[in-house]
Amino acid sequence: MELTWIPLSLIIGRSTRCFLGGFRGGAMNKAFESRVRRTGQKLFQLIGDEVPPLFHKESWTGKVIAQCAKDEAFKTEFLRFMDVLPSLKQAESVAEHLIEYFGRPEQRIPLDLKLHFTRASPASLKRAESISKEIREMVEKFIAAATPGEALPKLSDLRGRGMAFSADILGEAVVSEAEADAHAQRYLDLMEDLGRAQAGWRSLGGSDNDLDWGVAAKINLSIKPSSLYSQMSARGFDQSISRAKERLRPVFRKAMTMGAHICLDMEQVDLKNLTLALYRSLMEEAEFRRYPHSGTVLQAYLRESETDLRELVSWAKKRRHRATIRLVKGAYWEAEGVYACQRNWPVPFYTNKRETDENFEKLARLVLENHEWVHLACASHNIRSIAWVMETAKELKAPPERVEYQVLYGMAEPVQKALVKAGLPVRVYAPVGEMIPGMAYLVRRLLEMISRESFLWQRFGEGAPRGQQLKNRGSTSPLGPPAFDASGGGERGTFQNEPQRDWSIEKNRSSFVEALRKARKKFPITVPIVIDGEAITTVREILSRNPNDWNEVVGVVSGAGTEEAESAILAAADAFPKWRDRNPARRAEILFHTAAGARKKRDELAAIQVYEAGKTWAEADADVCEGIDFLEYYAREMLRLAVPQPVGKVPGEESVLFYEPRGVAAVIAPWNFPFAISMGMISAALVTGNTVVYKPSSNSCVTGTMIRSLFSKAGLPREVLHFLPGSGSEIGDFLVTHPRVALIAFTGSVKVGLRIIGLAGKTLEGSLQVKNVVAEMGGKNAILVDADADLDEVVVHVLQSAFGYQGQKCSACSRLIVHESVYARLADRLKSAAESLVLGPAEDPGSFMGAVIDETAKQKILSYIEIGKQEGTLLVERSVPGERGHVVPLTIIGDIRPEHRLAQEEIFGPVLALMRARTFDEALDMANSTSYALTGAVFSRSPRNLTLAREKFRVGNLYLNRGCTGAVVGRHPFGGFKMSGGGSKAGGPDYLLQFMVPRNVAENTLRRGFAPKE
Ligand SMILES: Cc1cc2nc3c(=O)[nH]c(=O)nc-3n(C[C@H](O)[C@H](O)[C@H](O)COP(=O)(O)OP(=O)(O)OC[C@H]3O[C@@H](n4cnc5c(N)ncnc54)[C@H](O)[C@@H]3O)c2cc1C
């Protein structure tokens, strides 16, 4: 490159419209554009006809890649097979999986891919071995070496061919602190080896200051922030940064002793703000300040990337810190789209390729304009993008040493060579490590190669014309998540889940801190009984306390006795006829207004739960969102069900089926989802036209009173909902047996549930109807782990399912049934992962688990822990800090057998039993062996076993390859059978029917031989 160093006045923060060169309209723009194309053509000439080995059409790999690109279903099966392959240790299991993945008759797989299997035989075992070999060889092309020791010659070889490297140790998102330590240690060891080797390396570019191209460190490492701290979370932002820094400091210190460069890679958008803050925070520390060999990554596909870049540049300028910014387009767009859609969050990236490409160019220019402080690492294989950067650098007279070109190992060899031939400084990102930890990386690479929109596929797969590739900045076809449509909502639109808080946004975290502060200032909150809109105070005082600090009284509650219960029931009964006859659409409208009110108060509602129920930030927020979902969902469901359905079709008759409410509903709610479950049961009862007497749990009356007030503010007539806090032993039976109560909606323990069902079954004199009970009760839920399961995923999901909200969910996992071949490995990893969790009071943002709800619960759980110690082997017993909290240890007990009490009885606390199964079928039998049938989950990558689980794992909610908690309204209609419940699924299309009676009216339309035509 013939560029000379001329200092530029650096301009930051000006509008993108004022950019020079490539972004200026008219003749200048045209001239610039033709220079870009000329440069691109020259690079294409240097590439010639060479094609990367992975695209060689005659090779097995080339054929597979071509098939993946043209057949979406094959691509899915192939990537899934590739994902499971490294965990299959025997040729037999490879052969079985091949049959399961590729043996379906409807699949049309080209014969020469040799993926056809009909049965396991010695010949097919041989074939399985050869396929495994092909796939291994294919993925190994993306990995420089399996171990740091083997990496050295490979990296030296790269340098010998005129390219620098950035070594990345494969493995991201560690699950325990031990793994994070080991990962950081591998970097230190690698540096040790590289440090010894670098003395023998001549600097690239012929400079005599022992730096490549006169400025760059010879040793360059890339580190994924998620590997630095096992509990990395946006919610625990400050804590995550400080723990990650503890591991980064030694790495940076070592890097400084040998003059090495460290780059923090950029991962999913969840971690973006954290990564940027982590980088800046470390570089602001005195010992690292102004160290010139460091940097991070920005992803041009993110809409926020320009703002991030401007902030980074002004930070670098202000601090007089030199950083290298690796500019990429971004490798996670497929996953990001799925997450955004599932969470109902705005899609964070550009949804057409042209916008990403244009933004890449815009950001590259912004970096180059500020080259005095930020050096550009242009990480792209796209000749158009590279040529654009080259021309812009030339135009802005950025010194050559301030721009380097980065490529990925094994991805685009002809491009790499062409860049070297063009005399550009080239760095190869070189992953080091094994296939299993590297699988996520490998799948991203394959996706990139076979994406129809990628430069590599278009150039080397399809052979797109060069000219077109130089002017074409990608297609404009939108790639966005499809709108999720759960239920028709008429004018209100389709149902959408309420998005949970994105804690990576600073404003969300600080407003929640403020909400917690404000909530606490109001304590203790006075909670009266409310009947017919009238507040009643009684002497039966109930104190609602903070489970994490029993001295803190959250609410002082007036408890109802039978007298108040009687008044509430009679008032509800009087109000029933009018409410029943209210237009269902108007009843639904009140639910929509209540949802809007809850949305406005959502931080306050969640903050109260943190103190009153001991929920962590995310659990409390999720509970409020679920409550809002119930309101929105049931309102729409009522609009659907309110339309009478014609039934039967015979001439001369008109027959319609329609529904009407039952009468007075007693809603008896639990404390564990104090907002969501109460809201769900109350709103279902109300919208269907019943009047309600609502008894919240004594442990969550403050949340209960807020629910009542939300309905009231939304315009619900005061005589329709009566708020009756009180002790279950005093008013529970009274409510259930009262002759004027037509319906009981209950969620809670199986003991109380069965009692309610028994009492309600006895129809007393004076009763006007048979009572209906909607009861959701307990669970003894199991997660099954197959021999081929992805243990990284298993560990994360099991911890969440077993210990999220201290295991106090009826859906919580309390049994982990593991195939014996992976039992020991999983038990080990689970143990160290559980030992890494952050335990402490729920109000601490980083806390994963705090105290259980009250002393009774604590004592019961402790007694089960003792039973477990007798029955099995204690693996983990971690005490939770909090002297004044109802704390019980997080406990994992191994070697539990199906006949043990720990395998059969519901505990409702943070106690997990590990069980060993010889086969998948035996695991299923064990799973079904309790009296409960609520939730269950299976981790397996065997299509056969997943099908078997669908058929034979008899639970109300079965989840495949995810945890067993966290049902989402509309997506996972929730509820079980056997001793788990006697109702239909909450948040599903059948739920409201239980709150109504069906009626049919048939009219004979034949009069004197005349019947109206339809
Ligand atoms: C040295 C190096 C280091 C890297 N480090 C990281 C890293 O830390 N973090 C990271 O995320 N990536 C990283 N990458 C990967 C990088 O994001 C991809 O390789 C890169 O996006 C491919 O871009 P390209 O210009 O080579 O190819 P192109 O084919 O021009 O672009 C492909 C990219 O365009 C975008 N895209 C594709 N289709 C669409 C669409 N429909 N709508 C919007 N955008 C679309 C995607 O980002 C896709 O990856 C790195 C790459 C290199 C070379």
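Since the model is a prediction, treat every value here as computed from it, not as a measurement.

Calculation criteria
Residues numbered from 1 in each chain as written. Predicted model: local features only at pLDDT ≥ 70, side-chain atom pairs only at ≥ 80, totals over all residues. Heavy atoms only, no water. Helix = DSSP H or I, 4+ residues; strand = E, 2+ residues; numbered from the N terminus. Rg over C-alpha atoms; globule rule 2.2 N^0.38 Å. Buried < 20%, exposed > 50% of the residue type's maximum accessible area, 1.4 Å probe, protein only. Phe/Tyr/Trp six-rings, centres within 6.5 Å; stacked < 30°, edge-to-face > 60°. Lys NZ or Arg CZ within 6 Å of the ring centre and 35° of its normal. Salt bridge = Lys/Arg side-chain N within 4 Å of Asp/Glu carboxyl O. Near = heavy atom within 4 Å. Polar contact = N/O pair within 3.5 Å; in protein donor to acceptor, adjacent residues only side chain to side chain. Pairing = 2+ DSSP bridges. Axes fitted to C-alpha atoms, helices over the stretch in contact; angles between N-to-C directions. pLDDT = per-residue confidence, 0-100. Contact = heavy atoms within 4.5 Å. Core = buried A, V, L, I, M, F, W, Y, C linked by side-chain atoms within 4.5 Å. Disulfide = S-S within 2.5 Å. Patch = residues over 30% accessible without salt bridge, like charges linked within 9 Å, V, L, I, M, F, W, Y side chains within 5 Å. Areas by Shrake-Rupley, 256 points an atom, 1.4 Å probe, with all protein chains shown as cover. Parallel < 35°, antiparallel > 145°, perpendicular 65-115°, else oblique. Left-handed = near helix turned anticlockwise from the far one by under 90°. Right-handed = clockwise from strand over helix to strand, strands pointing away.

Colleague: Sorry if this is basic, but what is going on with the overall build of the protein here?
Modeller: A tally of regular secondary structure across the protein gives 32 helices and 30 strands. Relative to a compact globule of 1014 residues, whose C-alpha radius of gyration would be 31 Å, the protein shows 32 Å and is just as compact. Summarising its shape, the C-alpha atoms of the protein cover approximately 100 × 70 × 65 Å along the three principal directions. Sorting the 1014 residues of the protein into buried and exposed places 59% on the buried side.

Colleague: What exactly am I supposed to notice about the packing of aromatic side chains here?
Modeller: Where two aromatic rings form a pair, the distance of their centres and the angle of their planes describe that pair. With the rule as written, the count across this model stands at 27 aromatic pairs. Here the aromatic cluster, defined as three or more aromatic residues joined through ring pairs, consists of W60, F74, F78, F81, Y101 and F102. Against the face of F237 rests R509, its NZ or CZ located 3.8 Å from the ring centre. One residue, R962, lies across the ring of Y959, its end atom 4.0 Å from the ring centre.

Colleague: Explain the pattern of salt bridges here, please?
Modeller: Pairing of side chains with opposite charge becomes possible as their charged atoms draw close. For the structure shown, the criterion picks out 73 salt bridges. E306 is the partner of K362 in a salt bridge, and the nearest nitrogen-oxygen pair spans 3.1 Å. Here K362, found in helix α12 (residues 353-369), pairs with E306, found in helix α10 (residues 305-319); they are 56 residues apart in sequence, far enough to count as distant. We note that K362, like E306, is buried. R445 serves as the salt-bridge partner of E448, at 2.9 Å between the closest nitrogen and oxygen. Of this pair, E448 and R445 both sit in helix α15 (residues 435-450), 3 residues apart, which is roughly one turn of the helix. Looking at E448, the relative accessible area reads 25%, which means it is partly exposed.

Colleague: What should I look at first to understand the site of the ligand in this one?
Modeller: Near the ligand, the surroundings consist of 31 residues, among which G330, W333, S380, E448 and F455 are the closest. Between the ligand and the protein, one listed contact pairs an oxygen atom with a side-chain N or O atom of N382 at 2.8 Å. Between a nitrogen atom of the ligand and a side-chain N or O atom of E453, the distance comes to 2.7 Å. Sorting the residues of the shell around the ligand by element identifies β4 (294-299), β5 (323-328), α12, β7 (403-408) and α15 as the ones contributing at least two each. Examining the composition of the shell around the ligand, we find that 3 residues originate from one element, β7, more than from any other.

Colleague: Help me understand the sheet that holds β4 in this model?
Modeller: The pairing of strands in a sheet happens through backbone hydrogen bonds and is either parallel or antiparallel. Taking strand neighbours around the barrel as the criterion, the 8 strands line up as β1-β2-β3-β4-β5-β6-β7-β8 in a closed arrangement whose pairing is parallel. Each adjacent strand pair in this sheet contributes to an overall mean axis angle of 30°, direction not counted. Here β4 pairs with β5 via 5 bridges, running parallel. Directly across from G295, in β5, lies its bridge partner T324.

Colleague: Is there a simple way to explain the confidence of the model for the protein in this structure?
Modeller: Low-pLDDT stretches of the model should not have their predicted coordinates read in fine detail. A residue-level look at the protein finds 95% of positions with pLDDT of 70 or above and a mean pLDDT of 93. Every residue in residues 479-488 is under pLDDT 50, and counting partners more than four places away or in other chains gives 22 contacts.

Colleague: How should I be thinking about the nonpolar core in this particular structure?
Modeller: Generally speaking, a soluble globular protein has its nonpolar side chains buried in company with each other. Counting 142 residues, the largest nonpolar core has F78 and F81 as the members making the most contacts within it. Element by element, the count of residues in this core is highest for helix α8 (residues 237-258), at 8 residues. Not counting residues within four places of it along the chain, the set of residues in contact with F78 comprises W60, V64, C68, F102, I135 and M138. In this structure, I525, V624, Y633 and A685 belong to the second largest nonpolar core, which totals 75 residues.

Colleague: Explain helix α21 (residues 602-612) to me, please; I cannot follow it from the model alone.
Modeller: Side chains that are three or four residues apart share a direction in an α-helix, a result of its 3.6 residues per turn. Where burial is concerned, most of α21 is hidden: 10 out of the 11 residues are buried. Within α21, the full set of buried residues consists of R602, D603, L605, A606, A607, I608, Q609, V610, Y611 and E612. Downstream of α21 by one or two residues, G614 has phi in the positive range, about 75°.

Colleague: I'm lost on unusual backbone geometry in this one. Help?
Modeller: Trans peptide bonds make up the majority, and among non-glycine residues the majority have a negative phi. In this structure, P524 follows F523 across a cis peptide bond, with omega equal to -5°. Residue position: P524 is located in the loop between α18 (506-521) and β9 (525-527). In the Ramachandran plot, D210 falls in the positive-phi region, its phi being about 65° despite a non-glycine side chain. Take D210: it is sitting in the loop between α7 (177-198) and β2 (220-223).

Colleague: How should the pairing of strand β13 (residues 549-558) be read in this particular structure?
Modeller: In summary, the side chains of a regular strand alternate between the two faces of the sheet. Of all 10 residues in β13, 7 are buried, a share of seventy percent or more. When β9 meets β13, the two strands line up parallel, connected through 3 bridges. Each bridged residue has a counterpart across the sheet, and for T526 the counterpart in β13 is V556. Relative to β13, strand β12 (residues 541-546) is paired through 6 bridges, and the arrangement is antiparallel. Bridge pairing in β13 links N546 to D549.

Colleague: Would you mind showing me how to read the state of the cysteines here?
Modeller: Note on terminology: a disulfide is the covalent bond linking the sulfur atoms of two cysteines. Per the counting criterion, the structure on display carries 0 disulfides. Here C263 is not disulfide-linked; the sulfur of C378 is the nearest cysteine sulfur, at 14 Å. The thiol sulfur of C813 is not disulfide-bonded, and the nearest other cysteine sulfur, from C964, lies at 4.9 Å. Overall, C813 belongs to the buried group, its relative accessible area being 2%.

Colleague: How should I be thinking about a nonpolar patch on the surface in this particular structure?
Modeller: Taken together, the side chains of L754, I757 and M979 present a nonpolar region at the surface, about 230 Å² in accessible area. Structurally, M979 is set in the loop between β29 (977-978) and β30 (996-1004). Judged by its relative accessible area of 34%, M979 falls in the partly exposed class.

Colleague: Which parts of the structure should I look at to understand the packing of helix α22 (residues 617-641) against helix α23 (residues 676-687)?
Modeller: Each pair of packed helices can be described by the angle between their axes along with the distance between the axes. Two numbers describe how α22 lies on α23: the axes approach to 8 Å, and their chain directions differ by 15°. Overall, the two elements α22 and α23 adopt an arrangement that is roughly parallel. Crossing of α22 over α23 shows right-handed handedness. Mapping the contact onto sequence places D623, E626, G627, F630, L631, Y634, A635 and M638 in α22 and A676, M679, G680, S683, A684 and V687 in α23.

Colleague: Quick question: what am I supposed to make of the side chain of Q107 here?
Modeller: Within the fold, Q107 resides in the loop between α4 (91-102) and α5 (122-140). Judged by relative accessible area, Q107 falls into the buried class, the value being 19%. Of the polar contacts made by the side chain of Q107, one reaches the backbone nitrogen of G103; its length is 3.5 Å. Residue contacts for Q107: discarding those within four places in its chain leaves E77, Y101 and F102.

Colleague: When you look at the pairing of β5 in this model, what are you seeing that I'm missing?
Modeller: Most of β5 sits inside the fold, with 6 of its 6 residues counted as buried. On β5, burial covers both faces: A323, I325 and L327 on one face and T324, R326 and V328 on the other are all buried. The β-α-β motif built from β4, the intervening α10 and the parallel element β5 has right-handed crossover chirality. In terms of strand pairing, β5 meets strand β6 (residues 374-379) through 5 bridges, oriented parallel. When the bridges of β6 are listed, A323 appears paired with V374.

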